[in-house]
Amino acid sequence: MMRLGVLSDTHGLLRDSVLERLAGCDHLLHAGDVGDPAILERLAEIAPVDTVRGNVDIEPPLSTLPPVAEGMIEQIRWKMVHRRDDVPPAWTRDAQLVVFGHSHRPELSWHGGCLMLNPGACGKRRFTLPLTLAVLTIDGNRITPELFAVA
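Residues numbered from 1 in each chain as written. Predicted model: local features only at pLDDT ≥ 70, side-chain atom pairs only at ≥ 80, totals over all residues. Heavy atoms only, no water.

Where do I start with the side chain of Asn-118 in this structure?
Tracing the backbone through its elements, the reader meets Asn-118 in strand E8 (residues 114–118). Polar side-chain contacts of Asn-118 include one of 3.1 Å to the side chain of Ser-103. Other than its neighbours up to four places away in sequence, Asn-118 contacts Phe-100, Gly-101, Ser-103, His-104, Arg-105, Pro-106, Glu-107 and Leu-147. (Helix = DSSP H or I, 4+ residues; strand = E, 2+ residues; numbered from the N terminus. Polar contact = N/O pair within 3.5 Å; in protein donor to acceptor, adjacent residues only side chain to side chain. Contact = heavy atoms within 4.5 Å.)

Where do I start with unusual backbone geometry in this structure?
Of note, the bond from Pro-60 into Pro-61 is cis; its omega dihedral lies within 30 degrees of zero at 5°. Within the secondary structure layout, Pro-61 lies in the loop between strand E3 (49–51) and strand E4 (68–73). Within the chain, Phe-127 stands out as a residue other than glycine whose phi angle is a positive 65°. Judged by relative accessible area, Phe-127 falls into the exposed class, the value being 55%. (Buried < 20%, exposed > 50% of the residue type's maximum accessible area, 1.4 Å probe, protein only.)

How should the sheet that holds strand E10 (residues 142–149) be read in this particular structure?
Backbone-to-backbone hydrogen bonds join strands into a sheet, with any given pair of strands oriented parallel or antiparallel. Read from one edge of the open sheet, 5 strands run E3-E2-E1-E9-E10, paired in mixed fashion. Unpaired on one side and paired on the other, E3 and E10 mark the two borders of the sheet. Averaged over all neighbouring strand pairs, the angle between strand axes comes to 20°, with direction disregarded. Bridging between strand E2 (residues 27–30) and E3 involves 3 bridges; their strand directions are parallel. Note that in E3 the partner of His-30 across the bridge is Thr-51. Sitting on the sheet, helix H2 (residues 37–44) is in contact with strand E1 (2–7), E2 and E3, with an inclination near 150° to E3. (Pairing = 2+ DSSP bridges. Axes fitted to C-alpha atoms, helices over the stretch in contact; angles between N-to-C directions.)

The structure is reproduced here in structure tokens:
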């Protein structure tokens, strides 16, 4: 069993409350709009982190992040992209977890055996949406997702 922290849209701000919520995670996924490479360095002190490039990640070294990432955690195949509009329909058949960000709006929905997850945004406050992130418990091929508000 492992804990997977999922965040997006930090926009150059990594809050202490985010670090506290991610403490104890075994792996992290950041769905883009990092905004500052120091954020990825700090997250890597918690756990290995996979990241995709968001639309604000235009300067090196963030501009060199891949637009798409994928991998395996336990028995779960995951795929990640910054914008939901860029998720190919086949991904919900090929993966058990699809992660995206960009809208700052948390979303958690099941499409057959695939969890579509936008953890929301947890960096600089934009719009009137809450600041959120997700922590998933993965046990073999079972995913138990939780969304958390952060201050």
